[in-house]
Every structure is written in structure tokens, then in C-alpha cells.
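Residue strings, one per chain:
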Amino acid sequence: MKLTRRLFVGASAASAASLSAPMVMGQARPRVVVVGGGSGGATAARYIAKDSQGAIDVTLVEPSREYYTCYFSNLYLGGFRELDSLAHGYGTLASEYGINVVHDWAVGVDREARTVSLAGGATLPYDRLILSPGIDFVDGAVPGWDLSAQDVMPHAYKAGTQTALLKAQVQAMPEGGVFAMVAPPNPYRCPPGPYERVSMVAHMLKANNPTAKILIVDPKESFSKQGLFEEGWQKHYTGMIDRIGPDFGATNVEVRPDTMEVLIDGVAEKVDVCNVIPAQKAGRICELAGITDGNWAPVIPHTMQSRIDENIHVLGDASAQGDMPKSGFSANSQAKVAAMAVRGALTGSQVFPARFSNTCWSLIATDDGVKVGASYEATDEKIASVEGFVSQTGEDAALRKQTYEESIGWYNGIVADMFG
Amino acid sequence: MKAYGLLAIMATVWGSQAVAADVLGDAARGETLFRQCATCHQIGEGAANRVGPHLNDLYGRKAGSLDDFRYSDGMVRAGTNGLVWDAESLDAFIEKPRALVSGTRMSYSGMRDPQDRADLLAWLRGHSASPADIPEAEPTARASDHDLDPAILAIAGDPAYGEYLAGECTTCHQRDGSNQGIPSITGWPVEDFVVAMHAYKSKKRMNPVMQTVAGSLGDQEIASLAAYFANLDQ
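Remember, predicted model here, so these are calculated numbers, not experimental data.

## Side note on the overall build of chain A
Working step 1: Helix and strand counts for chain A stand at 10 helices and 25 strands.
Working step 2: Computed over its C-alpha atoms, the radius of gyration of chain A comes to 22 Å, within 12% of the 22 Å expected for a compact globule of 420 residues.
Working step 3: Principal axes of the C-alpha set define a box for chain A whose edges measure 70 × 50 × 40 Å.
Working step 4: Across the 420 residues that make up chain A, the buried fraction comes to 62%.
Working step 5: A separation of at least 24 residues holds for 67% of the contacts in chain A among residues at least 6 apart in sequence.
Working step 6: Working note: accessible area of chain A is about 15300 Å², and carbon and sulfur atoms make up 50% of it.
Working step 7: For chain A, the distance from the average position of its 35 positive side-chain charges to the average position of its 46 negative side-chain charges is 6 Å.

Structure representation (C-alpha cells):
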């Protein structure tokens, strides 16, 4: 019989199940620990608990009692959402799906003993571990900035209090003031995110402080949806936004939080608000677990298993998986593949071939939404994109409005998919 | 995107053998194969134009579009007509350059073996598009045909398979049938569901998200989804 990719995946899962059978039979229920309660972790926990129907013991470790989605946080900056609407609790996962939700920090992984240690002192054993910690920032990525300066120059790239702080700062800008953004180098969470943020800040300033200026200091030659954003900025926020790219010194940037200055190639610019989005890396727990290669954690595309430890799966932003952008949609998609692989390995349930997709919506101005997306396939080398689409410049207003409304529907869909 | 139609025709004309995404990707072997290209083309850090243009960031580049390289009129014309370099068009070009671009100065006669071309393309894409950073970048692999092996066909219509596949749908569509921004697909008659999905697949229905999703599904997979959603309690 011809060995197809699908048979190969199924056969692999069957082998894994038989190998793990003695361990599984020696205990009451196999145990899965999920670290990180965002788009990847919450989805994986829910799908494993839901689909295994109690056959697997699932523990979700997440320090926050309420999770604020990073996606749509820009819309809060622009005045299109309330901050509370981005907050989601874990009560349903606990009460309806039987997930043991632990609000604590994971501070270590003993891969030999297969345990996760928590800041509070507890130790959680696992048969499979899922790490979905999102991002952390690379130390020293922007000279002059570290986490101690985030109350002066917020990153607002983990939603919640930082987002509220950034909005308050923009609202307090003096008339005709300057909002600066130090944009991150690739790769980073949500490729269009910084530019949607610029759009939303511009929207707010246009209404309340129309002579204010926005300065983007960007180390990248180009960015996602660039043509769409630039068209939108010209149309809605004419003359308000300037972007300095690498040709004009944006790869040599320093900030001075004490004096609210941004130094671009040695030249100081005085600004009123400075949003510093530093270079990023996998959440620290991946490094502590010893499964990173450089800044990210490489994974096997068919199952999202770590290439360094097959008992660990890594989801979302933290993973080095190939072509999928770091996005909530991607993490949610990857979580379902990992959940299926974990169930197959621990209970012998059927494993279907991995499927991945992603769409990223961005809002440029009122009812002016754009999107980009693709479908992907798992290859042995990476998750590879096979077909994609992107909104076009010059689209009519009705289509842009429909695209925005579609994004609202997606938001409602994905949070229901994550939190039940 | 206009290039896709052209490329579909090319694939038919020259019989380019579709290579599943699974096997596109031995970049290490592709690096070895690239040695025969290296007499004319440079690639990697510091690559410059020589007899041929440098090949960094080739995926997604319009044919004949580097400002600082003097192309043949034929290559410029191909670019003007919509030829964009991606996995499909590069495969056709490397197989037989002058069959794709009349008048190209590239004297290479062609690489006949599909696996050699796939490996070379894997090497080239390592120096090119990064959809993780720019999601709208050209695809870096080909979709598999999704024809199911007979042994797997036995699970077609299995509600469990439909439920698994539905995980991709419920990132956007809500299982409870809520209908805001994105329409509900819960409780649809099977026939309506299948007809709609095939209309997206053939791009008669216009939503690009759904065109992409439906395009990645085989007939049996669509039928399984239809069966699952038809009986899902609201």
C-alpha cells in the first residue's frame, strides 16, 4: 500500500500510543499540563478536555484571572471597544469542562521527571506538556529601554493595564504633540499590529488633537499590508503620519525615558508619548525548559511537538513553525492540531492530518477594515503556506465595512472557541 | 493573483508534475543543485547581480523587475503580463526557461527531474519570502491534492472527522448558531452546505477567507463537515 502523508501521521500516532500505553495504564488518567491561557493554551485545554470526555486530566496554568486579548486592543485605543470587552475569565473552562485552572506562574520544567514547578511552590506532573506562553522581550533590544521604563514608555504589546496606560497617555498629549512608535524587527507578534495601532491612534488624534503628529521609527524595510495602510493613512489622516525606515537610521535607535527623547542615528527627537515595541522572543518558560533554539522554540509541524522534547508541544507566538504569522488565529489553529495529537498519543484516539489556517483583520478607520489570510500544510520542514489572499487597495466602502463586521464576528467566534 | 490563472494553464501545457507540499523542501540537497546556477546567479547575504540577477527575495518578485539589472525584453514583457515568481511559476521556468519566457537570455536548458526542482525551490525560498513576517507574501509550497487514500476514504462522512474539521470553522463561525458579522452554518441542510462550499471552492462565491478554506478541502471532507453541522444542536 502506498504510504501517504495521512497514513504516516495516523501510523505515527498509533505507534506513539502503543509506546506510551504502559505508562498510561499505570495511572488513573493521563495528565496534560498547559502553560499559558491565551489563544493557544486555552483552546488546547478546552479541546483536550472536551474531546477526551474526561479521559485526560487537564491542568491549565495561567497567572491572570482575566485574560485580555491582544487582538482588538488597538480598537480600544481607537475608541471602538471598551477594555472590559477584551477580558475573558476561565470559569467556564473549569466548571463545564472540568479543567483544573491554576492561577500561578510556571517557573521551571524538569523534563526528565516530567514536572512543572510553579512560583507558589507546587509541582505539577505531566505526561504531555503544552507550552503556549506567548512572547517576552529581548533584553537590550532598544537601548535605554527595559521593563522598568514601561510605565513611562509603554509597550502595550501584552494587553490590559499597558493598553490602558498607552491610551491615557495619548489622550493627555498636548495640542500638536508627537506620538512616537519604535516598531519591532521581524519576527514579532501580529505583523500588522503596530500599523493598525498607528491607525487607531491617528483616529483618536484626528478627533481630539488634529494638529498632533505620529512618528514611526521602523527598522524594517517593509511591513505587512503596507500598501493598504499607507493608502488608508493618506486618505483618512493626511499629513499626520511619518515613517522613518532603515535608510534614514531606524536601525540605530535609542530612547531616553527620563527626558522623553528618541535618538535616531544619534539625532534626538523630543516626543510626548513613546510606544516602544521591542524585539521579541518566546515566553521565558520555553527557555527555562531548554527547548529554544535562539529566540524561539522549534516544533514538528504535524503535531506541534518540540523538536527537542517530544513530550512537549509548543503553540502560537513562542513556536518556530514556519510560515504562519504569530497571531491569535494561528495559535488557535495550532492548538487544535496539538490537542488532537496529544489525545492520540495518550488515549489512542484517531489522529487526522493537521490542518492550519489564519486570517488577520485590521481596522484603519471607521468601517474601513482590511484582511490577509492563508491556508497552510504541514511539511516535514515547516508549516508552509499554500494559498493566500489579501485585501486590495481601492476597494469600495461597502466591502471594507463588511470586512470590519466580519472581524467582529470572528472575535466572538474565537473567544467562544477558547473559553467555551 | 492574476498569475495563478496563467500558471494553471502553464502546468497543463508543460505537464509540470504537481509536487505535494510534503515533499517540497529538501533545501540541503537544493543547495548542492544550486551550484549549477551559481556560475551566473548569486544568493545569500551580500548577493549581487552578475550574469543573471541575484536571487534573494525571489518569491513574490515580479519577473524582470529589479531596477539595477538589465533584463531581456522577453523577461520584462513577461512581468508586464503578470508573471510573478512563486513555487508554481519557478517550477515551470526552471523546467524549461524558454518555454515559459520567450527570448530570455538565460541559456540554461532546463531541469527535468521534478524532485530536483522541488529541492532547488526549497533552497531558494530559504532566501526569500517569509510569510510569517509578511503574511501576504507568496505561498512557499503547493497544496496537496487532498485525494484520499482508499483506506482513509472509509472515514469519509464519519461525524468524528466532520467534528475535527469543524475546529477550523469554529474559530470564526459559532457553534451555537450566533449570526453576527459572520453567518451561522449550524443546522444547514447538507445539500445547501455542500453546494455553497463548492461554490467557494470554484470561486463563484467571493469571500476570500472561505475560498481559501474551501479550496483546501476535498469532496469527502466537505461532505463530512456538512453532515456534522447539519446535526449540530443549536
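## Here we look at the interface of chain B and chain A
Working step 1: Chain B puts 50 residues into the contact, and the matching count from chain A is 62 residues.
Working step 2: Both faces considered, chain B and chain A share a buried interface measuring about 4500 Å² in area, 53% of it formed by carbon and sulfur atoms.
Working step 3: Counting across the interface, chain B meets chain A through three salt bridges.
Working step 4: Between B:Glu163 and A:Lys50 there is a salt bridge whose closest N-O contact spans 3.9 Å.
Working step 5: Going through the elements one at a time, helix H7 (150–153), helix H8 (159–169) and helix H10 (208–215) of chain B are the ones with two or more residues in the side of chain B that touches chain A.
Working step 6: Take the side of chain B that touches chain A: its biggest share by element is seven residues, from H8(B).
Working step 7: Its residues assigned to classes, the side of chain B that touches chain A comprises 24 nonpolar, 13 polar and 13 charged.

## Observations concerning the packing of helix H9 (residues 328–347) of chain A against helix H10 (residues 397–419) of chain A
All names here are of chain A.
Working step 1: One can describe the packing of H9 onto H10 by two numbers: an axis separation of 11 Å at closest approach and a directional angle of 35°. Remark: the crossing between H9 and H10 carries left-handed chirality. Residues Gly328, Phe329, Asn332 and Lys336 of H9 touch H10, and the partners they reach there are Trp410, Ile414, Asp417 and Met418.
Working step 2: In the contact of H9 with H10, the residues fall into four nonpolar, two polar and two charged.

## Examining the sheet that holds strand E13 (residues 241–244) of chain A
Residue and element names in this part refer to chain A.
Working step 1: Sheet architecture is open: four strands sit in the order E13-E12-E11-E17, paired in parallel fashion. In this open sheet, the two strands that pair with only one neighbour each are E13 and strand E17 (273–276). Taken pair by pair, the neighbouring strands of this sheet meet at an average axis angle of 15°, ignoring direction.
Working step 2: Across four bridges, strand E11 (residues 178–182) lies against E17 in parallel orientation.

## Examining the domain arrangement of chain A
Residues and elements named next belong to chain A.
Working step 1: According to the domain assignment, chain A contains domain 1 (5–136 + 281–352) and domain 2 (143–278).
Working step 2: Here the C-alpha centre of domain 2 lies 32 Å away from the C-alpha centre of domain 1.
Working step 3: Listed as interface residues are 19 residues of domain 1 and, on the opposing side, 19 residues of domain 2.
Working step 4: Between domain 1 and domain 2, roughly 1800 Å² of surface is buried when both sides are summed, and carbon and sulfur atoms account for 65% of that area.
Working step 5: Remark: the boundary between domain 1 and domain 2 carries two salt bridges.
Working step 6: A salt bridge links Asp136 to Lys158; the nearest nitrogen and oxygen atoms lie 2.7 Å apart.
Working step 7: Taken together, the connections running from domain 1 to domain 2 amount to eight residue pairs in polar contact (both at pLDDT 80 or more).
Working step 8: At the level of elements, helix H3 (73–77) and strand E10 (135–137) are the ones that each hand at least two residues to the side of domain 1 that touches domain 2.

## Focus: the UniProt feature "domain: Flavocytochrome c sulphide dehydrogenase flavin-binding" (unreviewed entry) in chain A
Working step 1: With numbering aligned to this structure, UniProt lists the feature "domain: Flavocytochrome c sulphide dehydrogenase flavin-binding" (unreviewed entry) at residues 354–419 of chain A.
Working step 2: As a span, residues 354–419 of chain A carries 35% helix and 44% strand, and end to end its C-alpha atoms are 22 Å apart.

## Concerning the packing of aromatic side chains
Working step 1: According to the stated counting rule, one finds 23 aromatic pairs over all chains in the structure shown.
Working step 2: Taking the centre distance of 6.5 Å and the plane angle of 40° together, the rings of A:Phe223 and A:Phe229 count as tilted.
Working step 3: By relative accessible area, which is 2% here, A:Phe223 ends up buried.
Working step 4: Note on B:Tyr228 and B:Phe229: the rings are 5.2 Å apart at their centroids and 70° apart in plane angle, and the pair reads as edge-to-face. The burial state of B:Tyr228 is the same as that of B:Phe229; both residues are buried.
Working step 5: Chaining the aromatic ring pairs together yields one cluster made of A:Tyr71, A:Phe72, A:Phe329, A:Trp361, A:Trp410 and A:Tyr411.
Working step 6: The ring of A:Trp296 is capped by A:Lys326, whose NZ or CZ atom sits 3.8 Å from the centre of that ring.

## Quick look at the confidence of the model for chain B
Residue and element names in this part refer to chain B.
Working step 1: Counting all residues, the mean pLDDT for chain B is 79, and 82% of those residues have values of 70 or more.
Working step 2: Of all helices and strands in chain B, the one with the weakest mean pLDDT is helix H1 (residues 2–14) (31), whereas helix H2 (residues 27–33) scores best (92).
Working step 3: Across residues 1–23 the pLDDT falls below 50, and counting only partners more than four positions away or on other chains, this stretch makes 44 contacts in the model.
Working step 4: Counted against residues more than four places away or in other chains, residues 146–155, with its pLDDT under 50, gives 19 contacts.
Working step 5: Predicted complex metrics record ipTM = 0.71 and pTM = 0.82.

## Quick word on the environment of A:Gly369
All names here are of chain A.
Working step 1: Along the chain, the position of Gly369 falls in strand E24 (residues 368–378).
Working step 2: Judged by its relative accessible area of 2%, Gly369 is buried.
Working step 3: Once residues lying within four places of it in the same chain are set aside, the contact partners of Gly369 are Ser362, Leu363, Arg400, Thr403 and Tyr404.

About the criteria used
- Residues numbered from 1 in each chain as written.
- Chains lettered and ligands numbered in written order.
- Predicted model: local features only at pLDDT ≥ 70, side-chain atom pairs only at ≥ 80, totals over all residues.
- Heavy atoms only, no water.
- Helix = DSSP H or I, 4+ residues; strand = E, 2+ residues; numbered from the N terminus.
- Rg over C-alpha atoms; globule rule 2.2 N^0.38 Å.
- Buried < 20%, exposed > 50% of the residue type's maximum accessible area, 1.4 Å probe, protein only.
- Contact = heavy atoms within 4.5 Å.
- Areas by Shrake-Rupley, 256 points an atom, 1.4 Å probe, with all protein chains shown as cover.
- Lys, Arg positive; Asp, Glu negative; His and termini not counted.
- Charge placed at Lys NZ, Arg CZ, Asp CG, Glu CD.
- Buried area = accessible area lost by both parts, 1.4 Å probe.
- Salt bridge = Lys/Arg side-chain N within 4 Å of Asp/Glu carboxyl O.
- Nonpolar A, V, L, I, M, F, W, Y, C, P; charged D, E, K, R; others polar.
- Axes fitted to C-alpha atoms, helices over the stretch in contact; angles between N-to-C directions.
- Left-handed = near helix turned anticlockwise from the far one by under 90°.
- Pairing = 2+ DSSP bridges.
- Domains from an automatic or database assignment.
- Polar contact = N/O pair within 3.5 Å; in protein donor to acceptor, adjacent residues only side chain to side chain.
- UniProt positions renumbered as here; feature names shortened; annotations may be inferred.
- Phe/Tyr/Trp six-rings, centres within 6.5 Å; stacked < 30°, edge-to-face > 60°.
- Lys NZ or Arg CZ within 6 Å of the ring centre and 35° of its normal.
- pLDDT = per-residue confidence, 0-100.

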